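Structural overview for review
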2 protein chains.
Amino acid sequence: MLNNKMTELLNVKYPIIQAPMAGGVTTSTLVAEVSNSGGLGMIGAGYLSPVQTREQIKEVKQLTSHPFGINLFVPNEFMVTEKQIKSANQFLNPIRQQLNLEQKDSMDIPNYNDVYETFKEQIKIVMEENVPICSFTFGIPSNEIIADLKECNIILMGTATSVREAVKNEKAGMDIVVVQGSEAGGHRGSFIDGDQESLIGLMSLIPQVVDTVNIPVVAAGGIMDGRGLMASICLGAKGVQMGTAFLTCVESGAHEVHKDAILNANEEETVLTRSFSGKWARGIKNKFILEMQKQETLLPDYPVQNTLTQDIRKASSAQNTQDFMSLWSGQSPRLATSQTVNSLIKKLIREAKKINSNMYME
Amino acid sequence: MLNNKMTELLNVKYPIIQAPMAGGVTTSTLVAEVSNSGGLGMIGAGYLSPVQTREQIKEVKQLTSHPFGINLFVPNEFMVTEKQIKSANQFLNPIRQQLNLEQKDSMDIPNYNDVYETFKEQIKIVMEENVPICSFTFGIPSNEIIADLKECNIILMGTATSVREAVKNEKAGMDIVVVQGSEAGGHRGSFIDGDQESLIGLMSLIPQVVDTVNIPVVAAGGIMDGRGLMASICLGAKGVQMGTAFLTCVESGAHEVHKDAILNANEEETVLTRSFSGKWARGIKNKFILEMQKQETLLPDYPVQNTLTQDIRKASSAQNTQDFMSLWSGQSPRLATSQTVNSLIKKLIREAKKINSNMYME
């Protein structure tokens, strides 16, 4: 029951994918431990430079002989004016003051072409390094890139938050689609009608996608244990992708303050915000989110706002205060535990098997 | 596997509850057919007068010898000023014009004491008529009322949208708690921090509530078929409550325009709005919701706004136009079907059994 078309495609023992959390969470140890424990470890390479990308791939290869994957952010075109940056800085400067940071009134406006060049470099590295699996967030790469990756026999996974997005992924040639429910922590992967994110709960999203596409569907959002795995399979998914559950593991690179915030949170404390990055994302409500709330729809788009808040997030981390960090978390923080990756996966499989045997009816 | 503490308490064959949809959807035939088919039919009595309440109970009794239930709205205190009503009417009058309705600039302000008296009358009738099961939305009745109902051996079910609300229900003496996920159609049952409704997806909500309370948990929101039933059970629920799935059944009293709107909608088309009633509710986006969107947070609270829009909703129904009707729907409209209650329940149980036998692993 836990072996299916998806585990075959990915060549893994269990239908469990560790979500590719960007920003230092997916250390090489975390990724390798997931793969060594029978799941699929994923490098969150969204914020990595080409050099860092290659380095981490090499590192993970040293630590595991099992398949692992990498996730890339598909660049989106964006528009930004000097005025928008000035205005965003006006909101951010009082926070900078609280953190003893330098005031800012401008920034080097990022260039879409540069962002796209970095992405193309990363794709090249993924192919050169023969990474077995590559997944995408925030969109679908060009036909040309997809063809190149397929030529190298790399298994491709797309992200969707609606049936329409899942269909687009299938049509583009993705081998697997990860459906992200409204429960999910971190960035929303929505790429159609970007402003008006689609917030469908997994109970609704999984079966409606499964009925429409033919590629294997992986469920993501709020799944933390064997119950979530088995529920997803009942709904028609072939496996699960879990973020928050791995974020609090001992091998994760998340800041201890972030881990503690999740371990002490309840399900009502996460909110959607675009204040950190310019893209909607789910995290634990903190001082930064509350202070920015009124302005959040006026802030510049990703990646501009992300660059603007970088010094603030960094300083908050360095000062060990959760007030201005992005405390990404899904809607199930009460189910988070602090343990090793291996014991988490073992526990999950034990739970799944127990549910399965309890459920059997004549 | 489908028999458990909840089916025993309710004395039903299957752990399937038909959601008590108020406003004419839950006809006596619908309620009785659900009970006759092995589920639990529920009268949505939220908008019924005491006389109507008694009448429908008597009618259902004529049509089934199986247990059935009734749902009551727990009255919430509300404040409203003449000015608020004037201003709401200003937004509503252009819509009235489109529907050839009389313009309004005032209304009889409803009185909380009257609303509460009606509620108390309904409770009395439920006891006099020996309705086996009574559920509540929008809050928890007084200790006195709960004690009276328990004295009559009536099984009590509360509604919760968060762990905190589930705990309150358990502490108050409810026998069962229905957890309403963000996927659910119609009114949000939230009663703590009313303004800031809690929108937790079922994948997160069910296990976190199950881990905290000891009474049986019933899952509600986006559940339409055997997959949703089995998934809910994997997550720890003892049963499901389904609204939209029964709303499109032939026995339901929903307007054909409403049924058609659901049967033709997709999962991205439902939104949360408080424009119809003053309480947040999920329905299919239509002209009314879009026209009121900008003002919706300024509108009077329930039940004032509900009374204000009554003529509009009525006229829209009478004119067979969906533009100004409240088209309540959960997030799974693609899974809605037009069939009899009996065939829906039979199909659901067949699907659940099939999933169960496919899943069994050594």
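Scope of this entry: the structure provided in the associated data block. Computed from a prediction, not measured in an experiment: that's the story for all the values here.

Per the secondary structure count, chain A includes 15 helices and eleven strands. For 362 residues, the compact-globule estimate of 2.2 N^0.38 gives 21 Å, and the C-alpha radius of gyration of chain A, at 20 Å, lies within 12% of that figure. Each principal axis of the C-alpha distribution contributes one length, and for chain A these read about 65 × 45 × 40 Å. Across chain A, the fraction of contacts at a sequence separation of at least 24, relative to all contacts at a separation of at least 6, is 68%.

The next point concerns the sheet that holds strand β7 (residues 186–187) of chain B. All names here are of chain B. Taken in spatial order, the three strands line up as β7-β11-β10 in an open sheet, and their pairing is antiparallel. Edge positions in the sheet fall to β7 and β10 (270–273), since each has one partner strand and no second. Relative to strand β11 (residues 281–284), β10 is paired through four bridges, and the arrangement is antiparallel. Residue pairing across strands places Thr270 opposite Ile284, the latter belonging to β11.

This paragraph deals with the relation of the copies chain B and chain A. For the pair chain B and chain A, the relating rotation is 180°, the translation along its axis is 0.0 Å, and the fit reaches an RMSD of 0.0 Å. Accordingly, the operation relating the two chain copies is best matched by a two-fold axis. Closest to the rotation axis within chain B is the C-alpha of Ala231 of chain B, separated from it by 2.0 Å.

Below, the discussion takes up the interface of chain B and chain A. Of the residues lining the interface, 46 residues belong to chain B; the matching set on chain A comes to 46 residues. Both faces considered, chain B and chain A share a buried interface measuring about 3900 Å² in area, 60% of it formed by carbon and sulfur atoms. In this assembly, chain B and chain A are joined by four salt bridges. Note that Asp211 of chain A is salt-bridged to Arg227 of chain B, the shortest N-O span being 2.8 Å.

Residue and element names in this part refer to chain A. Scanning the entire structure with this criterion turns up 18 aromatic pairs over all chains. Judged by centre distance (6.0 Å) and plane angle (35°), the rings of Tyr112 and Tyr116 are tilted. A residue pair is termed a helical-turn pair when its members lie 3 or 4 positions apart in one helix, as Tyr112 and Tyr116 do in helix α5 (residues 112–128) at four residues. Here the aromatic rings of Phe276 and Phe288 are separated by 4.5 Å at their centres, their planes lie at 25°, and the arrangement is stacked. With Phe276 in the loop between β10 (270–273) and β11 (281–284) and Phe288 in helix α12 (residues 287–292), the pair connects residues that are twelve residues apart, well separated along the chain. Residue Phe276 is classed as buried on the basis of its relative accessible area, which comes to 2%. Feature note: the residues Tyr47, Phe73, Phe138 and Tyr302 constitute an aromatic cluster, connected by ring pairs. In this arrangement the basic side chain of Lys279 is found over the ring face of Phe138, its NZ or CZ atom lying 4.2 Å from the centre.

Looking now at the sheet that holds β11 of chain A. On the basis of which strands lie adjacent, the open sheet formed by three strands has the order β7-β11-β10 (chain A) and antiparallel pairing. Of all strands in the sheet, those bounded by a partner on one side alone are β7 (186–187) and β10 of chain A.

The biggest cluster of nonpolar side chains holds 112 residues, and the ones touching the most others in it are Ile16 and Phe246 of chain A together with Ile16 and Phe246 of chain B. Val31, Ile70, Met127 and Ile146 of chain B belong to the second largest nonpolar core, which has 25 residues in total.

Here the focus is unusual backbone geometry. Tyr302 of chain A connects to Pro303 of chain A through a cis peptide bond whose omega is 0°. Here Phe138 of chain A, not a glycine, exhibits a phi torsion of approximately 75°, which is positive. Within the secondary structure, Phe138 of chain A sits in the loop between β4 (133–137) and α6 (143–151). For Asn100 of chain B, which is not a glycine, the phi torsion comes out positive at approximately 60°. One can find Asn100 of chain B in the loop between α4 (82–98) and α5 (112–128).

Attention shifts here to helix α3 (residues 50–63) of chain B. Along an α-helix, a turn takes 3.6 residues, which lines up residues three or four apart on a common side. All names here are of chain B. Here α3 spans 20 Å end to end across 14 residues, near enough to the 20 Å set by a 1.5 Å rise per residue. Burial in α3 covers these residues: Pro50, Thr53, Gln56, Ile57 and Val60. When α3 is viewed along its axis, its buried side chains cluster within an angular range of 125° and face the same direction. Exposed and oriented more than 90 degrees from the buried face of α3 are Val51, Glu55 and Gln62. Against α2 (28–36), β2 (41–44), β3 (68–73) and α5 lie the buried residues of α3.

Cut-offs applied
Residues numbered from 1 in each chain as written. Chains lettered and ligands numbered in written order. Predicted model: local features only at pLDDT ≥ 70, side-chain atom pairs only at ≥ 80, totals over all residues. Heavy atoms only, no water. Helix = DSSP H or I, 4+ residues; strand = E, 2+ residues; numbered from the N terminus. Rg over C-alpha atoms; globule rule 2.2 N^0.38 Å. Contact = heavy atoms within 4.5 Å. Pairing = 2+ DSSP bridges. Least-squares fit on C-alpha atoms with pLDDT ≥ 70 in both. Buried area = accessible area lost by both parts, 1.4 Å probe. Salt bridge = Lys/Arg side-chain N within 4 Å of Asp/Glu carboxyl O. Phe/Tyr/Trp six-rings, centres within 6.5 Å; stacked < 30°, edge-to-face > 60°. Buried < 20%, exposed > 50% of the residue type's maximum accessible area, 1.4 Å probe, protein only. Lys NZ or Arg CZ within 6 Å of the ring centre and 35° of its normal. Core = buried A, V, L, I, M, F, W, Y, C linked by side-chain atoms within 4.5 Å. Expected span 1.5 Å × (residues − 1). Arc of directions from axis to C-beta.

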